[in-house]
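Fold and geometry: a report
Given next are the chains, with one letter for each unit.
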Amino acid sequence: AAREGIDELQQLGEYLRQYGIDPTNIEVDFTMVRGLEYYTGPIFETVVTEPKIGSLTGGGRYDELIGLFTNKSLPATGTTIGIERIIDVMEELQMFPREVGTTVTQALVTVFDETRRADSIRVTQNLREAGFNAEVWFDAEGLGKQLKYAAAKGIPFAVIIGPDEAAASSATLRDLANGAQWQVPQAQISTELRARIKPA
């Protein structure tokens, strides 16, 4: 079994050379383990060294796995792809072109606290019905973190609905590009945004 495994690795190495893969990008690791129950041949992972974020893809040879569902043995090799990790690496290395934004969201509706969540959801839905790409924050984790997230993603506007705004049926709009903010009635949020950005 050991000899067979070594022969497979040598054959794989030859194929990689034929594909023109830089040998410095290949490392054989005899300690790596993946899915002992179903892999039947070489396993592999794709990693980046900087930033150190772990593997981006991982898979291997699993000749018997498909046969469990088809009653026919089929040779197969497959891999998983960590889309979120790939995006994180591309953002860290600034690989996105300047003209390509990191989000299509036009307004982030913040969640001031749990008691205001329903208000935020309602305003978000109203903005979507008006044609805007609106996103509502998924947790009540503090306004600062939410605004930092919006700025990092390139979201142009934030909608803030705190206790004072809720009591007055209003909202605070913040332009994340220049920090300007102003209060408007909730019924006029879409009108205010439309004057500054086009609906999606």
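What you see is a predicted model; the values in this text were computed from it and never measured.

**As for the environment of Asp-7**
If you trace the backbone, Asp-7 turns up in helix α1 (residues 2-18). The class of Asp-7 is partly exposed, set by a relative accessible area of 37%. For Asp-7 and Tyr-19, which are twelve residues apart along the polypeptide, the C-alpha to C-alpha distance reads 19 Å.

**So, a nonpolar patch on the surface**
A grouping of Leu-9, Leu-12, Tyr-15, Tyr-19, Ile-21, Ile-26, Val-28 and Phe-30 is seen on the molecular surface, where their side chains present a nonpolar patch of about 850 Å² in accessible area. With respect to the element layout, Phe-30 can be found in the loop between α1 and β1 (43-47). Residue class for Phe-30 comes out exposed when judged on its relative accessible area of 71%.

**Side note on the pattern of salt bridges**
Tallied over the full model, the rule gives nine salt bridges. Of the charged contacts, one joins Arg-61 and Asp-63 as a salt bridge, the two residues approaching to 2.5 Å between their closest N and O atoms. For Arg-61, a relative accessible area of 31% puts it in the partly exposed group. The salt bridge partner of Arg-116 is Asp-119, with a shortest N-O separation of 3.4 Å. Looking at Asp-119, the relative accessible area reads 19%, which means it is buried. Because the salt bridges share partners, they merge into one network encompassing Arg-116, Asp-119 and Arg-122.

What counts as what
- The residue numbers shown here count from 1 along each chain, following its written sequence.
- In keeping with the model being predicted, local features are shown solely for residues with a pLDDT of at least 70 and side-chain atom pairs are shown and tallied solely at 80 or more, while totals for entire chains, interfaces and linings include all residues.
- Values reported for side chains reflect all heavy atoms of the structure, with hydrogen atoms and water molecules removed beforehand.
- Secondary structure is summarised from DSSP: a helix means a run of H or I of at least four residues, a strand means a run of E of at least two, and numbering begins at the N terminus for each.
- Burial classes: relative accessible area under 20% of the type maximum marks a residue as buried, over 50% as exposed, and values in between as partly exposed (1.4 Å probe, protein chains only).
- Patches in this entry comprise residues that are over 30% relatively accessible and not in a salt bridge; like charges within 9 Å are linked, as are nonpolar side chains (Val, Leu, Ile, Met, Phe, Trp, Tyr) within 5 Å.
- The method behind every accessible area is Shrake-Rupley, applied with a 1.4 Å probe, and residues are considered shielded solely by the protein chains displayed.
- Each reported salt bridge corresponds to a side-chain nitrogen of Lys or Arg within 4 Å of a carboxyl oxygen of Asp or Glu.

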